[in-house]
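Here is what each chain is made of, one letter per residue.
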Amino acid sequence: MATQFADPEAPTKNSPEAVVVRFAGDSGDGMQLTGGQFTLSSALAGNDFATFPDFPAEIRAPQGTLFGVSAFQINFGSTSIDTAGDAPDVLVAMNPAALKTNVGALKPGGLIIADTGEFTKRNLDKAKYEVSPIEDGSLSKWQVLAFDISALTVEAVKPFGLGNKDALRCKNMWTLGLALWMFDRDRAPLIEWLNNKFKKNPTLAEANIAALNAGHAYGETAELGGQLHKQHIGAVESEPGLYRTITGAEAVALGLVAGANLAHLPMFFGGYPITPASSILHYLVGLKEFGVTTFQAEDEIAAIAAAIGASYAGHLGVTSSSGPGIALKGEAMGLAVMTELPLVIINSQRGGPSTGLPTKTEQSDLYQAVYGRNGDTPIPVIAARSPGDAFDCAIEACRIATQYMTPVILLSDGYIANAAEPWLVPDPADYAEFPATFLADRNGPDGTLLPYARDAKGARPWIKPGTPGLMHRIGGIEKNPGTGNIDYSPEAHHAMTDARHAKVNGIANSIPPQEVTLGESKGKLAVVGWGSTYGPILQAVRKARAKGLDVHHIHIRHIWPMPENLGDLLRSYEHILVPEMNMGQLKTVLRDQFLVDAKPLNKVSGQPFTIAEIEAAIEGALA
Amino acid sequence: MNDMTPIRHETTLKDWETDQEVRWCPGCGDYAILKAVQRTLPEIGADPAKTVFVSGIGCSSRFPYYVESYGFHTIHGRAPAVATGIKLANPELDIWLVTGDGDGMSIGGNHTMHLLRRNLNCQVLLFNNEIYGLTKGQYSPTSRQGTTSPTTPLGSVDRPASPCAFALGAGARFIARGFDVSKELGGVLKAAYAHRGAAFVEIFQNCIVYNKDVFNDFAMPKGAEERQLWLQIGEPMLFAKGTQGIALDVEALTLKVVDVVDGDWQAAGVIVHDVTNRSIAHMLVEMPFGPFPMALGVIYDDPRPTYEDAVLGQDAKMREGKSTDLKRLLAKGQTWTVDPNEGHPA
């Protein structure tokens, strides 16, 4: 991953295996769009990649301010890429604030591309620079390529007669054009995209294309002091097949559609707007033809309550939120446990507690998922490790919910929801179906109805209202183990509590044994993770193993119940290290469940782990 | 109600009784309401298999256990939201929502408002006893000012909410009132069922343990004629055996009580009950008891399209002509192919 930019004599053919580029600018500068389009271009070039969009909670923060900076990082390469990269090789800074908040992350010797047109006194003041950093030598450990992108853009779009404000809005395309030149990319798909995006305003399409071409031409022709080289990052060796880019939010939505399809059920999705979970609802609204009904409820509680109502009526009820909203849904989750109705609850985690860090990632809702309800209220919990993995996890959640008549929590997070990665498009036919069945006739002795009779898995029958002869009553109050009628006798409560626990624990029989993600099934150190720490843990373990260290990676999908072999597997290592973006929640569960000496590695900065951080902890654990 | 099933189902009152022991306090007004409902269901030709009673938490919310139909006893205040999910999933089901003044006006007030403004096709029966019964007698959002209770030993200071005024303000298209032991309750329930859309019925209910006889001022049989105004569609608003009526004070834009001499209500200016007049409905639900009689019966009934029709109609439109090929869906967007021989994009 070494950068080549520092060496002006480096020939193009010695291009690096992987490069990390960060685009940073004002939240109104279109950096997420630029990053997204550069990602597509990387995909089409056959690179493997991972992205990290990092944007403020404010929609349009005051221009030029430090807190209004929006950034998009992409790590792309001709080798396997699992993280968005520890440190950028290239930083594109559209203003002083973007430079100030991002330059610290840049690799020594890395390249800064800065738009001097924005380095005005006013903007320098807003970024709290007394002197322009471009001029005072404070950037000397990096390569600096500073020129007036603003003026060059305005010049390029002059023929289209745009106002100054609209002309400057084409800056991001100019920058993208330069980036495309740097990495030897085809402009044609971008031009096609722009034509499509501005279909209704061809002048804007032409202006943006002109800016894109001008940026590209600038790279081609300008004398850039030998700092900038065109380089070609080759395609990664990957499994043959059809690929697309996918974000976690898209993958969850598609997985739910596929899961409902495999269960032969229509899906009802109740949601309430919350960052970073809303995009799942946005996406599903466009998929009505797949038997999806969406409901934007009046609040988080109504969203889950309506989903429970829909499940009761024979749909697959789904609700989705982030931590604060999940907290509000807690009581209704208990109702779903008590009435034993299928329900999928998705938590796109963000930094907490309370409102916390709305747009930043964290995995601090594991306790909430496993334990966060009144009463003894077991709910199975699954965690997705990457955007693509969220598809399979959503299907698994649908399977467990419908087969075991239980709510299921699927944990995603802000990073997975927004990040994109290449995805080998699966064939739905490769997934086993799990058709749901509804009770059609009375199931008890002498023609009686037993809504809480249990099958071999411990699941009760699903009885749709509207079915003749099967009228019955359910509710959140404790009930008789067979008839479901109100019964809060000591025996009934004990029997039903046991039955609910046995059912959820029994799910462990239907999940695959825990595999070792990288390494062997015994050794000195196991690094155990869950969720979106997958990429940095995998890379850190890979690097440590390359150095000859006895370290192994285990990544847990089924948080509750856990795979049956997990305890024995963990006990076959001398040390266990659990990196988490929280204060040690999985660590506590592992200690509790298996009495193992799991050690935490915690990070709660709203940013994903870097590979280096985990590598250092591995070395520390083995020292 | 549901007009998609033209078939009238033949049942008797007995068919709507469950084998469950009714657990309300002896003498509770809920018994009378239960009977009125069980008597009404056969009369409207309801099908037990397609009928769902949904409730929240509170004394009234035990109701579903005693009706031989489908029933869902949910959680405090959330019955409207659960009902919305049920109805959107299966619009052929007839939904009766049973709630109380605490459940529907306090903890679940938000959901009640949204169900009404959306106009989900169902019947909302709000049992108003002006007290929290199941939690042992605390004052409720509808308790009158000065109500002494375990939490208000010196009398409550907050002004009570008026469920019907709330419902009308939320956009309800059907508002009716009755009380537990009134013989007219069945007729009110039938009218609610006949209304396509959210039908809001406030039922004054006597909590004989914690708020005994609080409605006696108008509900007592003795003197009822003077204190109850039973509204009849297309009929003049008369009470006190036709000797008094309700007229419009045009100057003040309020209602007023007028005397009717020799039955000549027209000369007295008594207004005829037009159930589609929303302005008069507002005045009727706000009419203060005391100077005025209590307005009872169907106060407002002016249907408009239901929520589930609108949602499902729009969904059907969005589905028109669209492919349901999941394989194609997954492969949407900008894609690329990795060649089996090359191992990189072709």
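Residues numbered from 1 in each chain as written. Chains lettered and ligands numbered in written order. Predicted model: local features only at pLDDT ≥ 70, side-chain atom pairs only at ≥ 80, totals over all residues.

Asks: Just checking my understanding: could you explain the overall build of chain B for this structure?
Replies: Scanning chain B from N- to C-terminus turns up twelve helices and 14 strands. Each principal axis of the C-alpha atoms in chain B carries an extent, and together these give about 100 × 45 × 45 Å. Burial status across chain B gives 48% buried among its 346 residues. If you take every contact in chain B between residues at least 6 apart in sequence, the share linking residues at least 24 apart comes to 66%. (Helix = DSSP H or I, 4+ residues; strand = E, 2+ residues; numbered from the N terminus. Buried ≥ 20, exposed ≤ 12 C-beta atoms within 10 Å, placed from the backbone. Contact = placed C-beta atoms within 7 Å.)

Asks: So what exactly am I meant to see when it comes to the overall build of chain A here?
Replies: Each helix and strand in chain A was counted, giving 20 helices and 20 strands. In summary, chain A has a C-alpha radius of gyration of 27 Å against a globular reference of 25 Å for 623 residues, a match within 12%. Projected onto its principal axes, the C-alpha positions of chain A cover 90 × 60 × 45 Å. Expressed as a percentage of its 623 residues, the buried residues of chain A come to 55%. (Rg over C-alpha atoms; globule rule 2.2 N^0.38 Å.)

Asks: Sorry, what's going on with the interface of chain B and chain A here?
Replies: When the parts of a complex come together, some accessible area is lost, and that lost area is often used as the size of the interface. On the chain A side, the residues contacting the 51 residues of chain B number 62 residues. Every element with two or more residues in the side of chain B that touches chain A is listed here: strand E2 (70–73), helix H2 (79–89), helix H4 (109–118), helix H11 (307–319), helix H12 (326–330) and strand E14 (335–338) of chain B. For the side of chain B that touches chain A, the element with the highest residue contribution is H2 of chain B, accounting for eight residues. Looking at side-chain class alone, the side of chain B that touches chain A contains 24 nonpolar, 18 polar and nine charged residues. Alignment of strand E15 (residues 473–475) of chain A against E2 of chain B, held across three bridges, turns out to be parallel. Residue pairing in the sheet places Arg473 of chain A in a bridge with Gly71 of chain B of E2 of chain B. (Nonpolar A, V, L, I, M, F, W, Y, C, P; charged D, E, K, R; others polar. Pairing = 2+ DSSP bridges.)

Asks: Any chance you could explain the confidence of the model for chain B here in plain terms?
Replies: As a general rule, the predicted coordinates of low-pLDDT regions are not to be interpreted in detail. Summary statistics for chain B give a mean pLDDT of 95 and a share of 97% for residues scoring 70 or more. Overall fold confidence for the complex sits at a pTM of 0.93, while the interface term, ipTM, reaches 0.97. (pLDDT = per-residue confidence, 0-100.)

Asks: What is the right way to read helix H11 (residues 300–312) of chain A from this model?
Replies: Residues spaced three or four apart along an α-helix face the same direction, because each turn holds 3.6 residues. Residue and element names in this part refer to chain A. The end-to-end C-alpha distance of H11 is 19 Å, a good match for the 18 Å that 13 residues give at a rise of 1.5 Å each. Counting buried positions along H11 gives 13 out of 13 residues, so the element sits mostly inside the fold. Looking one or two residues beyond H11, the residue adopting positive phi is Gly314, at roughly 105°. (Expected span 1.5 Å × (residues − 1).)

Asks: Hey, could you run me through the packing of helix H1 (residues 29–43) of chain B against helix H6 (residues 185–194) of chain B in this one?
Replies: In a pair of packed helices, the angle between the axes and the distance between the axes together describe the arrangement. All names here are of chain B. Running from amino to carboxyl end, H1 crosses H6 at an angle of 50°, the nearest separation of the two axes being 9 Å. In this view, H1 runs oblique relative to H6, as classed from their interaxial angle. Crossing angle aside, the handedness with which H1 passes H6 is right-handed. Where H1 approaches H6, its residues Ala36, Val37, Arg39, Thr40 and Glu43 are matched on the opposing element by Leu185, Gly186, Leu189 and Lys190. Of the residues that constitute the contact of H1 with H6, the class distribution is four nonpolar, two polar and three charged. (Axes fitted to C-alpha atoms, helices over the stretch in contact; angles between N-to-C directions. Parallel < 35°, antiparallel > 145°, perpendicular 65-115°, else oblique. Left-handed = near helix turned anticlockwise from the far one by under 90°.)

Asks: What exactly am I supposed to notice about the pairing of E2 of chain B here?
Replies: Side chains on a regular strand alternate between the two faces of the sheet. Residues and elements named next belong to chain B. The alternating pattern of E2 places Tyr70 and Phe72 on one face and Gly71 and His73 on the opposite face, and all of these are buried. Sheet topology note: the strand E1 (residues 51–55)/E2 ladder contains four bridges and is parallel. Considered in E2, the bridge of Phe53 is made with Gly71.

Asks: Even after reading the chapter, I still don't get helix H9 (residues 248–262) of chain A, so can you show me in this structure?
Replies: Residue and element names in this part refer to chain A. Over its 15 residues, H9 extends 20 Å from the first C-alpha to the last, a length consistent with the 21 Å expected when each residue adds 1.5 Å. Of all 15 residues in H9, 15 are buried, a share of seventy percent or more. Directly beyond the C-terminal end of H9, a positive phi value near 60° is found at His264.

Asks: Got a minute to help me understand the sheet that holds strand E18 (residues 558–560) of chain A in this structure?
Replies: Strand pairing in a sheet takes place through backbone hydrogen bonds and is either antiparallel or parallel in direction. Residues and elements named next belong to chain A. Read from one edge of the open sheet, seven strands run E9-E8-E10-E11-E13-E12-E18, paired in mixed fashion. Here the strands that pair on one side only, and so sit at the sheet edges, are strand E9 (292–296) and E18. Ignoring strand direction, the axes of neighbouring strands in this sheet form an average angle of 20°. Running at roughly 135° to E9, helix H10 (residues 278–285) makes contact with strand E8 (267–271), E9, strand E10 (316–321) and strand E11 (343–349) of the sheet.

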